[in-house]
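Structural characterization, general
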Amino acid sequence: MEKALGFSNFLTEIDHVGMCVLVLLLALSVASWYLIVTKSISNMIASRRANDFLKHFWNIDTIPQLETEIRTMTGNHAFVQLAKTALSVTTDSQKHGLEKLAAAGGINELLTRSLRNSLDQEAARIENGLTIIASAGSAAPYIGLFGTVWGIYHALIQIGLSGQGTLDKVAGPVGEALIMTALGLAVAIPAVLAFNAFTRRNRLWIAQLDSFAHDLYTILTVGSKIGGENSEKASVKVVTAASQRSTPTVGLANGIAGGEGH
């Protein structure tokens, strides 16, 4: 009686090397899917909170009101933390002047460094887990291919020992060995797609943070909200229209409004 071929027979015939390959693929799959689900949920929540915060932020009229509102906020997303960092730097500088070593070079330079440091920390935070996803996407096909090669070798050895080399005896074991390749692709394809999606989202997220950091720099050093949404509605009252028109609008990554040059 012919024995049934398929995945169940493949599991019963697999040796220790093949089982190690199978366990490794399973571990990569579980790890990548865990990161895909958790990061997708956290990114969705962070984006929603950030949008709500920005809508409220640009409805604030004056800098004193901004300081009061920011201090009472309990959100832990990057935009709130960036605003709190900027306000903390300016408040400490006003209290202690330029006596601190960190304030060497001027308040504008200190604020620039603090905002850049916050952006770097956020960029490092959002990249957590991407290495595992990228590793799963790039290594899983080769791991599956190794399992297939080893499975075919193992199957051919068994066929040679049995002395039956007909097509019906070869096709089954070799076909079962190809399951490893299919498993490797099943692990790699979702990981590659997720890695590309997360990379694009992170790039857009950092770009939004960079733009918001420039707005914070302008608000706290010049006193006007330039470059943000509803800027005319949310202009700070202490600044004249002439100073608003003369304020540079270069991005934080290129020097934040010339803060390094003063």
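Residues numbered from 1 in each chain as written. Predicted model: local features only at pLDDT ≥ 70, side-chain atom pairs only at ≥ 80, totals over all residues. Heavy atoms only, no water.

**Brief notes about a nonpolar patch on the surface**
On the surface, a cluster of nonpolar side chains totalling about 340 Å² of accessible area is made up of Trp33, Val37, Ile41 and Ile45. Ile41 gets classed as partly exposed once you look at its relative accessible area, which sits at 44%. (Patch = residues over 30% accessible without salt bridge, like charges linked within 9 Å, V, L, I, M, F, W, Y side chains within 5 Å. Areas by Shrake-Rupley, 256 points an atom, 1.4 Å probe, with all protein chains shown as cover. Salt bridge = Lys/Arg side-chain N within 4 Å of Asp/Glu carboxyl O. Buried < 20%, exposed > 50% of the residue type's maximum accessible area, 1.4 Å probe, protein only.)

**A few points about the side chain of Lys39**
Residue position: Lys39 is located in helix 2 (residues 16-57). No salt bridge is formed by the buried Lys39; the nearest opposite charge belongs to Glu122, separated by 9.2 Å. Aside from chain neighbours lying at most four places away, what touches Lys39 is Ile126, Asn128, Leu130 and Phe198. (Helix = DSSP H or I, 4+ residues; strand = E, 2+ residues; numbered from the N terminus. Lys, Arg positive; Asp, Glu negative; His and termini not counted. Contact = heavy atoms within 4.5 Å.)

**Points about the layout of surface pockets**
Computed from the structure, the second largest pocket encloses a volume of approximately 430 Å³. What lines the second largest pocket is a set of 22 residues, and nearest its centre among them are Asn76, His77, Ala78, Glu122 and Arg125. Counting only elements with at least two residues in the lining of the second largest pocket, the list comes to helix 2, helix 4 (78-96), helix 5 (107-126) and helix 8 (179-221). By residue class, the composition of the lining of the second largest pocket is eight nonpolar, nine polar and five charged. (1 Å grid on protein atoms, 1.4 Å probe; cavity = no way out; pocket = protein on both sides within 12 Å on 5 of 7 lines; lining within 4 Å. Points joined across faces, edges and corners; volume = space filled by probe spheres on them. Nonpolar A, V, L, I, M, F, W, Y, C, P; charged D, E, K, R; others polar.)

**So, the packing of helix 5 against helix 8**
Each pair of packed helices gets described by two things: the angle between the helix axes and the distance between those axes. The interhelical angle for the contact between helix 5 and helix 8, taken along N-to-C directions, is 160 degrees, at an axis separation of 10 Å. One way to sum up the angle between helix 5 and helix 8 is to call them roughly antiparallel. Here helix 5 and helix 8 pass one another in a crossing that is right-handed. Taken together, the residues of helix 8 that come into contact with helix 5 (itself represented by Asn108, Leu111, Thr112, Leu115, Leu119, Glu122, Ala123 and Ile126) are Arg201, Asn202, Trp205, Ile206, Leu209, Asp210, Ala213, Leu216, Tyr217, Leu220 and Thr221. By residue class, the composition of the contact of helix 5 with helix 8 is 12 nonpolar, four polar and three charged. (Axes fitted to C-alpha atoms, helices over the stretch in contact; angles between N-to-C directions. Parallel < 35°, antiparallel > 145°, perpendicular 65-115°, else oblique. Left-handed = near helix turned anticlockwise from the far one by under 90°.)

**A short note on the nonpolar core**
Phe53 and Phe212 are the most contacted members of the largest nonpolar core, which has 32 residues in total. Setting aside residues no more than four positions away along its own chain, Phe212 makes contact with Phe53, Leu54, Phe57, Phe79, Leu82 and Ala83. Ile14, Leu28, Ala191 and Ala194 belong to the second largest nonpolar core, which has 18 residues in total. (Core = buried A, V, L, I, M, F, W, Y, C linked by side-chain atoms within 4.5 Å.)

**Thoughts on the packing of aromatic side chains**
Per the counting criterion, the structure on display carries seven aromatic pairs. Summarising the aromatic geometry, the rings of Phe79 and Trp205 are spaced 5.3 Å apart at their centres and angled 90 degrees between planes, so their arrangement reads as edge-to-face. On the criterion of sequence distance, the pair formed by Phe79 in helix 4 and Trp205 in helix 8 is long-range, its members being 126 residues apart. Residue classification places Phe79 among the buried positions, given a relative accessible area of 1%. By relative accessible area, Trp205 is classed as buried at 3%. Stacked on the ring of Phe198, the Lys or Arg Lys39 has its end atom at 5.8 Å from the ring centre. A cation over a ring is seen here: Arg201 above Trp205, with NZ or CZ 4.4 Å from the ring centre. (Phe/Tyr/Trp six-rings, centres within 6.5 Å; stacked < 30°, edge-to-face > 60°. Lys NZ or Arg CZ within 6 Å of the ring centre and 35° of its normal.)

Function cannot be read off these values alone, since they describe shape.
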